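Here are the chains, one letter per residue:
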Amino acid sequence: MPIHHTPPSRRRGRPAKGTPAARDAMLGAALHGFSRKGYGGTGLREIAEEAGVDPALISHQFGSKFALWKAVVDEIALRLAAARRSIEELHVASGSTEERVREGLTRFVTANCDIPELSKFLSDELSQPGERQEYILREIWAPYQDAMLPLLQEARADGLLRHDGSPELTLMMVMGAVMLPLLMMRRRGLSKRDEAELSRRLVSDVLPMVLAA
């Protein structure tokens with residue numbers, strides 16, 4: 001996907017100007033920079049160096065740092081769209097409410113684990129009120145909430161949520177319970193095998209926190 005970041009030491013040559021590879025490199029480097037240093041601490045020259053492109057190409061392609069940031073969010077939303085649609089399919093799927101809710105939450109947790117920089121990126125941006133926060137809530141959180149809430153509303157009606165919790169709060173609790181371990185564990189650097197195990201553990205440990213036994 002375009003938001004995948006390849007460290008400069010592993011690249012071969014510079015991506016050709018105006019190609020999809022150049023755009024992908026810029027988006028990947030931007031997400032990597034924003035997730036490490038935040039929006040204010042990341043400059044276009046740094047992103048260009050990471051991407052292996054001329055800084056002028058970023059300005060030509062996106063116009064401004066904020067427009068580049070929005071493009072990164074749009075790419076994240078696109079990456080998450082497949083998982084969101086798979087959750088929406090569970091609204092009318094066969095199976096018990098409990099089975100469909102567990103599967104929906106599993107897909108929700110797994111999707112958040114699949115983009116390494118996502119947890120840090122979201123935690124930084126959602127903590128700061130303003131235009132960027134509103135954009136993320138609208139483009140990423142709202143669609144996911146719309147996909148999950150019908151399942152969680154069914155779960156509440158069937159007495160499956162712990163403490164008869166509200167569906168909205170339950171989803172926020174799941175998100176929070178996933179983001180903090182991802183932030184802390186990924187600071188150490190994880191292999192692909194460790195990433196897969198972390199995703200599995202989060203599914204197995206977080207679901208019992210919000211679903212009644």
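Residues numbered from 1 in each chain as written. Predicted model: local features only at pLDDT ≥ 70, side-chain atom pairs only at ≥ 80, totals over all residues. Heavy atoms only, no water.

Asks: Can you tell me about the packing of aromatic side chains, naming the residues and giving the values?
Replies: What characterises a pair of aromatic rings is the spacing of the ring centres plus the angle enclosed by the ring planes. Overall, the coordinates contain six aromatic pairs when judged by the stated rule. Seen from their ring centres, Trp69 and Phe121 are 6.1 Å apart, and the 35° between their planes marks the pair as tilted. Linking Trp69 in helix α4 (residues 65-88) with Phe121 in helix α6 (residues 118-126), this pair joins segments that are 52 residues apart in sequence. We note that Trp69, like Phe121, is buried. Here the aromatic rings of Phe108 and Trp141 are separated by 6.5 Å at their centres, their planes lie at 75°, and the arrangement is edge-to-face. Of this pair, Phe108 sits in helix α5 (residues 97-113) while Trp141 sits in helix α7 (residues 131-157); the two residues are 33 residues apart in sequence, bridging distant segments of the chain. The buried category is assigned to Phe108, whose relative accessible area is 2%. With relative accessibility at 17%, the residue Trp141 sits in the buried group. (Phe/Tyr/Trp six-rings, centres within 6.5 Å; stacked < 30°, edge-to-face > 60°. Helix = DSSP H or I, 4+ residues; strand = E, 2+ residues; numbered from the N terminus. Buried < 20%, exposed > 50% of the residue type's maximum accessible area, 1.4 Å probe, protein only.)

Asks: Let's hear about the packing of helix α1 (residues 20-37) against helix α2 (residues 44-51): which residues, and what values?
Replies: Where α1 meets α2, the closest approach of the two axes is 8 Å, and the angle between their N-to-C directions is 125°. What the angle tells us is that α1 and α2 run oblique. α2 is crossed by α1, and the crossing has right-handed handedness. Where α1 abuts α2, its residues Ala25, Met26, Ala29, Ala30, His32, Phe34, Arg36 and Lys37 lie against Glu46, Ile47, Glu50 and Ala51. Its residues assigned to classes, the contact of α1 with α2 comprises seven nonpolar, one polar and four charged. (Axes fitted to C-alpha atoms, helices over the stretch in contact; angles between N-to-C directions. Parallel < 35°, antiparallel > 145°, perpendicular 65-115°, else oblique. Left-handed = near helix turned anticlockwise from the far one by under 90°. Contact = heavy atoms within 4.5 Å. Nonpolar A, V, L, I, M, F, W, Y, C, P; charged D, E, K, R; others polar.)

Asks: I'd love a proper account of α7, names of residues and values included.
Replies: Along its length, α7 shows its largest kink, about 40°, at Trp141, and proline Pro143 lies within four residues downstream of that point. At the exit of α7 stands Gly159, carrying a positive phi of roughly 70°. (Bend = angle between axes of the 7 residues up to and from the residue.)

Asks: Just give me the short version of the UniProt feature "domain: HTH tetR-type" (unreviewed entry) in the chain, but keep the residues and values in it.
Replies: Mapped onto the present numbering, the UniProt feature "domain: HTH tetR-type" (unreviewed entry) falls at residues 20-80. This span, residues 20-80, is 82% helix and 0% strand, and a straight line between its end C-alpha atoms measures 20 Å. (UniProt positions renumbered as here; feature names shortened; annotations may be inferred.)

Asks: Please give an account of the domain arrangement of the chain that cites residues and values.
Replies: Segmenting the chain into domains produces domain 1 (15-63) and domain 2 (65-210). Summarising the inter-unit geometry, the C-alpha centres of domain 1 and domain 2 are found 27 Å apart. Facing the 17 residues of domain 1 at the interface are 16 residues of domain 2. Summed over both sides, the interface between domain 1 and domain 2 buries roughly 1,500 Å², with carbon and sulfur atoms accounting for 72% of that surface. If you look at where domain 1 meets domain 2, you find one salt bridge. In this structure, the salt-bridge partner of Glu75 is Arg23, at a minimum N-O distance of 2.9 Å. Across the domain 1-domain 2 interface, the total number found is five residue pairs in polar contact (both at pLDDT 80 or more). Put simply, the parts of the chain that give the side of domain 1 that touches domain 2 at least two residues each are α1, α2 and α3 (55-62). (Domains from an automatic or database assignment. Buried area = accessible area lost by both parts, 1.4 Å probe. Salt bridge = Lys/Arg side-chain N within 4 Å of Asp/Glu carboxyl O. Polar contact = N/O pair within 3.5 Å; in protein donor to acceptor, adjacent residues only side chain to side chain.)

Asks: Pulling in residues and values, what's your account of the environment of Cys113?
Replies: The topology assignment puts Cys113 in helix α5. Judged by its relative accessible area of 6%, Cys113 is buried. Not counting residues up to four positions away in its chain, the partners in contact with Cys113 are Leu182, Arg186, Glu195, Ser199 and Leu202.

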